[in-house]
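Now for the letters of each chain:
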Amino acid sequence: MPHPRFALPTPPPTWSDIFGNTNPVEVEIGPGKGGFLLALARNTPGRNFFGVEILGRRAARLASLIERDGPGNVIAIHADITCLLPLMVWPASVTAYHLYFPDPWWKRRHHNRRLFRDDFTTALVRTLTPGGTIFLASDVEQYFTEIVRQFTGVAELTPFAWERDQVNRRGKPILTDFERKYRYEGRPLFYTGFRKGEERKIT
Ligand SMILES: C[S@@+](CC[C@H](N)C(=O)[O-])C[C@H]1O[C@@H](n2cnc3c(N)ncnc32)[C@H](O)[C@@H]1O
């Protein structure tokens, strides 16, 4: 028997254990400072939002923002999504993943730190609900193309185009911090979405 301090809860908690309701759940991977997650949660009270941030100080800052001024439908934790996903997230339980500007880890010897590997993609798709979506944005065309190639290889996923269309309480578009900065700098940005469970059209 493992010591209770080192054991993961089995079975893992369900989203309704975590949020206290059965509303659909959207997960942002690497929310950074979390402004996007908070604004989206404020705009969408009928859904739950869960942020997973690997950097302790960013996660702590976001958690205290939520405590101070957050709506009740958002939670952020300090964790590595690649560990959390296979062990702690129920299959077919997440309505949407938001993945914006994942770190490209430029140096070849650091490529193993990139999020996108086959096992991660498999876990992501397994935990999506039927009809669930993945929203992806990047400023790094080469990495973006690699991620798209991985998703395109999954028969259950169908690509779709999307654009930012939500505004915050002050009428400003809801963007992530990196997105706002890169748009200001005029960098080309790459966006795509994938939906689970639709027939792939062969053209
Ligand atoms: C380039 S930043 C983008 C932040 C935010 N998405 C934005 O667009 O402003 C990437 C974020 O992903 C987080 N991150 C990287 N790997 C992660 C992992 N395995 N699990 C959770 N977060 C991760 C980083 O700490 C960082 O906050």
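See the structure printed just above.
Note that this is a predicted model, so its numbers are computed, not measured. (Residues numbered from 1 in each chain as written. Predicted model: local features only at pLDDT ≥ 70, side-chain atom pairs only at ≥ 80, totals over all residues. Heavy atoms only, no water.)

A.B. asks: How do you make sense of the packing of aromatic side chains when you look at a structure like this?
C.D. replies: How two aromatic rings sit relative to each other is given by the distance of their centres and the angle of their planes. Going through the model one piece at a time under the given rule, you end up with 12 aromatic pairs. Between Phe-135 and Trp-162, the ring centres sit 5.3 Å apart and the planes meet at 90 degrees, which makes this aromatic pair edge-to-face. Here Phe-135, found in strand β5 (residues 128-138), pairs with Trp-162, found in the loop between β6 (157-160) and α7 (177-185); they are 27 residues apart in sequence, far enough to count as distant. Side by side, Phe-135 and Trp-162 carry an identical accessibility label, which is buried. The structure contains a cluster of three or more aromatic residues connected by ring pairs, namely Phe-36, Tyr-100, Phe-135, Phe-160, Trp-162 and Tyr-191. Here the guanidinium or amino end of Arg-164 rests over the ring plane of Tyr-100, the centre of that ring lying 4.3 Å away. One Lys or Arg, Arg-195, reaches over the ring of Phe-160 and ends 4.3 Å from the middle of that ring. (Phe/Tyr/Trp six-rings, centres within 6.5 Å; stacked < 30°, edge-to-face > 60°. Helix = DSSP H or I, 4+ residues; strand = E, 2+ residues; numbered from the N terminus. Buried < 20%, exposed > 50% of the residue type's maximum accessible area, 1.4 Å probe, protein only. Lys NZ or Arg CZ within 6 Å of the ring centre and 35° of its normal.)

A.B. asks: Before we go on, may I ask you to explain unusual backbone geometry in this structure?
C.D. replies: The bulk of non-glycine residues show a negative phi, and the bulk of peptide bonds are trans. Look at Ala-92: it is not a glycine, yet its phi comes out positive at around 50 degrees. Secondary-structure assignment places Ala-92 in the loop between α4 (81-88) and β4 (94-100). With a phi close to 55 degrees, Phe-101 is a non-glycine residue in the positive phi region. Within the element layout of this structure, Phe-101 appears in the loop between β4 and α5 (118-127).

A.B. asks: When you look at the site of the ligand in this model, what are you seeing that I'm missing?
C.D. replies: Neighbouring the ligand are 19 residues, the closest being Gly-30, Glu-53, Arg-58, Asp-80 and Thr-176. The contact in question runs from a nitrogen atom of the ligand to an N or O atom on the backbone of Val-52, over 3.5 Å. One nitrogen or oxygen atom from the side chain of Glu-53 is found 2.5 Å from an oxygen atom belonging to the ligand. Compared with its free state, where it exposes 590 Å², the ligand has 91% of that area covered by protein. (Near = heavy atom within 4 Å. Polar contact = N/O pair within 3.5 Å; in protein donor to acceptor, adjacent residues only side chain to side chain. Areas by Shrake-Rupley, 256 points an atom, 1.4 Å probe, with all protein chains shown as cover.)

A.B. asks: Help me understand the pattern of salt bridges in this model?
C.D. replies: Opposite charge on two side chains permits them to pair, given that their charged atoms come into close proximity. For the structure shown, the criterion picks out 9 salt bridges. With a closest N to O distance of 2.6 Å, Glu-26 and Arg-47 form a salt bridge. Residue Glu-26 is located in strand β1 (residues 25-29), and its partner Arg-47 is located in the loop between α2 (35-43) and β2 (48-53); the two are separated by 21 residues in the primary sequence. The shortest N-O distance in the salt bridge between Arg-169 and Asp-69 comes to 3.8 Å. With Arg-169 in the loop between β6 and α7 and Asp-69 in helix α3 (residues 56-69), the pair connects residues that are 100 residues apart, well separated along the chain. A relative accessible area of 61% places Arg-169 in the exposed class. (Salt bridge = Lys/Arg side-chain N within 4 Å of Asp/Glu carboxyl O.)

A.B. asks: Help me out: how do you make sense of the packing of α4 against α5 in this one?
C.D. replies: How two helices pack is summed up by the angle between their axes together with the distance between the axes. At a closest axis distance of 9 Å, the pairing of α4 and α5 adopts a crossing angle of 50 degrees. If you check the angle between α4 and α5, you find them oblique. Like other packed secondary-structure pairs, α4 and α5 cross with a definite hand, here left-handed. Between α4 and α5, the residues in contact are Ile-81, Thr-82, Leu-85 and Pro-86 and Phe-120, Ala-123, Leu-124, Arg-126 and Thr-127, respectively. Along the lines of polarity and charge, the residues of the contact of α4 with α5 split into 6 nonpolar, 2 polar and 1 charged. (Axes fitted to C-alpha atoms, helices over the stretch in contact; angles between N-to-C directions. Parallel < 35°, antiparallel > 145°, perpendicular 65-115°, else oblique. Left-handed = near helix turned anticlockwise from the far one by under 90°. Contact = heavy atoms within 4.5 Å. Nonpolar A, V, L, I, M, F, W, Y, C, P; charged D, E, K, R; others polar.)

A.B. asks: Would you take a moment to explain the sheet that holds β6 for this structure?
C.D. replies: Strand pairing within a sheet occurs via backbone hydrogen bonds; the two strands may be parallel or antiparallel. Ordered by their spatial adjacency, 7 strands build an open sheet running β3-β2-β1-β4-β5-β7-β6, and the pairing between neighbours is mixed. Looking at which strands have only one partner, the edges of the open sheet turn out to be β3 (74-78) and β6. Taken pair by pair, the neighbouring strands of this sheet meet at an average axis angle of 20 degrees, ignoring direction. Across the sheet, α5 is in contact with β1, β4, β5, β6 and β7 (190-196); its angle to β5 comes to roughly 135 degrees. (Pairing = 2+ DSSP bridges.)

A.B. asks: Help me understand the nonpolar core in this model?
C.D. replies: For soluble globular proteins, the rule of thumb is that nonpolar side chains tend to be buried together. Residues Val-27, Ile-29, Tyr-97, Phe-116 and Leu-124 are the most contacted members of the largest nonpolar core, which totals 34 residues. Ignoring any residue separated from it by four or fewer positions in sequence, one finds Phe-116 in contact with Leu-99, Thr-121, Leu-124, Tyr-143, Ile-147, Gln-150 and Phe-151. Judged by nonpolar contacts, the second largest core, of 22 residues, contains Leu-38, Ala-41, Phe-49 and Ile-174. (Core = buried A, V, L, I, M, F, W, Y, C linked by side-chain atoms within 4.5 Å.)

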